[in-house]
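Geometric and topological summary
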Amino acid sequence: MFRNNYDNDSVTFSPQGRIFQVEYAAEAVKQGSVVVGIASKTHAVLVAVKRNAEELSSYQKKLFPIDEHVGIAIAGLTSDARVLSNFMKQQCLGHRLTYGRNMPVRTLVDMIGSKAQINTQHYGKRPYGVGLLVAGVDEQGPHLFEFQPSGMTEQMMAFAIGARSQMARTYLEKNLDKFADCDREELIRHGLRALKESLVQDRELTVDNTSVGVAGAAKQDDGSTKVDPFKVYDGHDVAAWIESVADDKEGDAGAGEGEGEGEGETEGMEVDS
Amino acid sequence: MDHRPQAWGRPRDDVYGAYDASYLHNNGPKTATQSPIVTGTSVIAIKFKDGVVMAADNLASYGSLARFTDVKRLRPFLSTSVVGFGGDVSDMQFLDRHLKELATDEAYEHEASSTTTDEGGSGAGEGQLNAANLYKYLSKLMYRRRNDFDPLWNQILVAGLDAHAKPFLASVDLRGTTFTSPSLATGFGAMLAQPIMRRYAATEEDAARLTREEAVNVIKECMKVLFYRDARSLDRYSIAVVTKDGVELSEDEQLEKQSWAFAERIRGYGTQVV
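Residues numbered from 1 in each chain as written. Chains lettered and ligands numbered in written order. Predicted model: local features only at pLDDT ≥ 70, side-chain atom pairs only at ≥ 80, totals over all residues. Heavy atoms only, no water.

**Points about a negative patch on the surface**
Taken together, the side chains of A:Asp110, B:Glu101, B:Asp105 and B:Glu109 make up a negatively charged region of the molecular surface. It is helix H2 (residues 89-116) of chain B that provides the largest number of residues to the negative patch, a total of three residues. Position of B:Glu109 relative to the elements: it lies in helix H2. Judged by its relative accessible area of 30%, B:Glu109 is partly exposed. (Patch = residues over 30% accessible without salt bridge, like charges linked within 9 Å, V, L, I, M, F, W, Y side chains within 5 Å. Areas by Shrake-Rupley, 256 points an atom, 1.4 Å probe, with all protein chains shown as cover. Salt bridge = Lys/Arg side-chain N within 4 Å of Asp/Glu carboxyl O. Lys, Arg positive; Asp, Glu negative; His and termini not counted. Charge placed at Lys NZ, Arg CZ, Asp CG, Glu CD. Helix = DSSP H or I, 4+ residues; strand = E, 2+ residues; numbered from the N terminus. Buried < 20%, exposed > 50% of the residue type's maximum accessible area, 1.4 Å probe, protein only.)

Structure (C-alpha cells):
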C-alpha cells in the first residue's frame with residue numbers, strides 16, 4: 001500500500017540509514033529558482049533569478065537584508081525562509097543591543113543551523129524546506145555560508161543553490177581562483193555569469209527578474225573594519241550589470257556540459273518564484 | 001505530635017513558647033545578595049596616550065576586619081581588556097566565572113572563523129569582543145539583575161581599547177548606572193583618588209598627552225593616598241596596563257616610600273584632645 005514506510009516523520013531512519021523527510025526537504029530547495037553567492041577579500045555578493053507565478057503577478061523576492069552587515073538569498077519554501085529570516089533579524093538586533101557590535105556571521109549561521117537541526121530530531125516537527133546562502137561582513141572580513149534544511153552549514157568561497165544550480169557551480173569552480181582579488185563590480189559580473197549558466201533555454205536575465213545584493217568590508221588604518229552595508233539592488237539599478245554581461249558568449253567558460261540535476265523548473269508546489 | 005515538615009526539629013512550643021516561623025514564609029522574588037558581606041574597596045583607573053592603567057588593592061574586608069589579604073580584584077579578559085571589581089567579593093567571583101565562560105565561547109568562535117578564512121584575519125584579538133563590547137554586555141547584565149531585585153553588589157570598571165583602537169574606560173554599578181571619563185574610581189577612591197587623577201587628566205585631550213610612565217606614577221600615588229586615608233585598604237595591590245599589545249598585570253605590588261608624617265597633624269577625631 002505504501003511506497004515508502006520510512007518517510008512518515010523526520011525521526012525514523014530507513015534500513016539504509018536515511019531520513020527521507022530531510023531528503024525531501026533538500027529536494028524542495030532544488031525546486032526554488034537559482035541563487036548564487038561569491039565572496040572576495042573585500043566583498044560578499046548574492047545574485048538571484050526571481051520567478052513570477054503567472055504573467056500578471058509580481059516577482060517573488062529572493063534576497064533579504066537581515067541586518068546592516070548580513071543578507072540572505074533563499075531557495076525553496078518562501079514561508080519557511082520568512083521564519084528563519086525573522087529569527088536571524090531578531091538575533092542580530094539582540095546581539096547589537098547586548099554587545100554593541102555586528103553579530104559575527106558564523107555565530108548567526110550556527111544559530112540557524114542548530115535551529116534547523118532540532119526539527120530533524122523531534123517527532124511532529126518537519127525540516128525547513130528552504131536553503132539559504134548567507135552573505136555578510138564582520139571584523140574578520142567578508143563571508144559566504146551555505147545553509148541546508150538538514151541543519152548543515154558550511155563556509156563557501158562561492159556557491160549556488162536552487163534549480164539547475166549545478167551549471168552555476170561548474171562556472172564558479174572554473175573561475176574560483178579569480179574571485180579572491182575581484183573588486184565589487186567584477187564580483188557581481190561573475191555572479192551574473194554564473195546565474196546565466198543556470199537559466200533554461202530562451203530565458204534571460206532582465207531588470208525584472210534579477211536581484212543583486214552586496215556587502216563590503218574595508219580595513220581601516222586603526223585596524224577596525226568599515227562596513228559597507230548589505231544592500232539589495234532590483235529593477236533598473238541592475239540594468240548596467242546585466243548589460244555588461246549580456247554579450248558574453250554562451251558557455252564561454254565551458255560550463256555547457258554541466259551535469260544538470262534533471263529537475264528543471266517545475267510547476268506545482270508553492271516554491272519561491 | 002505535629003507532623004508538618006515546618007515543625008520538624010523545632011523547639012517545642014510548650015517548653016520554649018510559640019516559634020517565630022515568619023522567616024519560613026518568604027513571599028516575593030528569590031534574591032541573593034541584598035547587602036554586601038565580604039567587600040573590596042576602591043578600584044582606580046586612568047587613560048593615557050596608548051591605553052589605560054588600572055589598580056586595586058588585594059584586600060577583601062569582612063566588615064571592618066581585614067579578612068583576606070590576597071584577593072585579586074583585577075581580571076584580564078581575552079588579553080584585550082581588564083575588569084576591576086569593587087564591592088561584594090562573592091558577586092565578583094560569580095562575574096569572574098561568568099566572564100571566563102564568555103571568554104571561552106568567544107575564543108572558540110574566533111578560532112572557528114579564523115581557521116576557515118584564507119590568510120586574512122591576522123591582527124591579535126581581531127573580531128573578538130573588545131573592551132567596549134564587554135562593557136556593554138556587563139552593563140546590560142548589571143541592569144537586568146537590578147530589575148530582578150537581585151543585584152550584583154559591585155561597581156565595575158572596564159578598561160581596554162575600543163573598536164577604533166582608542167583607549168576605553170567606563171564604569172557600571174549595581175544599579176546599572178553607566179558612565180565614562182578619562183579617569184574613574186569606585187568607592188572611597190571616587191572621593192580620595194579622583195581629584196588627584198583629574199589634576200593630570202581632566203579631559204580626554206589631557207589624557208591623550210599622558211605617557212604610560214606618568215599614568216602609572218599617578219595611579220601609584222593615588223594608591224598611596226588611598227592607603228593613608230581609607231581604613232579598609234591594604235598596602236599590597238594589583239596594577240594592570242592595557243595597550244594594543246595586550247594586558248600587563250602585576251598582582252603583587254607593594255606601596256613604596258610611605259610617609260606618615262602628616263598623621264600627627266590630623267585633628268578632630270580619635271583619642272587626642274584638641
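**Side note on the sheet that holds strand S10 (residues 225-233) of chain A**
As a general point, the strands of a sheet are linked pairwise by backbone hydrogen bonds and lie either parallel or antiparallel. Residues and elements named next belong to chain A. The strand order across the open sheet formed by five strands is S8-S1-S2-S9-S10, and the pairing between neighbours is antiparallel. With one partner strand each, in any of the chains shown, strand S8 (158-161) and S10 form the two edges of the open sheet. Taken over all neighbouring pairs, the strand axes of this sheet differ in orientation by 5 degrees on average, direction set aside. The strands that helix H6 (residues 184-197) touches are strand S1 (35-39), strand S2 (43-49), strand S9 (210-219) and S10; relative to S2, the one it contacts most, it runs at about 30 degrees. (Pairing = 2+ DSSP bridges. Axes fitted to C-alpha atoms, helices over the stretch in contact; angles between N-to-C directions. Contact = heavy atoms within 4.5 Å.)

**Description of the interface of chain A and chain B**
The interface is formed by 15 residues belonging to chain A together with 22 residues belonging to chain B. Carbon and sulfur atoms supply 48% of the area buried between chain A and chain B, which totals about 1700 Å² over both sides. Counting across the interface, chain A meets chain B through one salt bridge. Two residues, B:Glu106 and A:Arg101, come together in a salt bridge whose shortest N-O distance is 3.3 Å. Summed over the shared surface of chain A and chain B, the number is five residue pairs in polar contact (both at pLDDT 80 or more). Residue contributions to the side of chain A that touches chain B peak at three residues, all from helix H2 (residues 78-99) of chain A. (Buried area = accessible area lost by both parts, 1.4 Å probe. Polar contact = N/O pair within 3.5 Å; in protein donor to acceptor, adjacent residues only side chain to side chain.)

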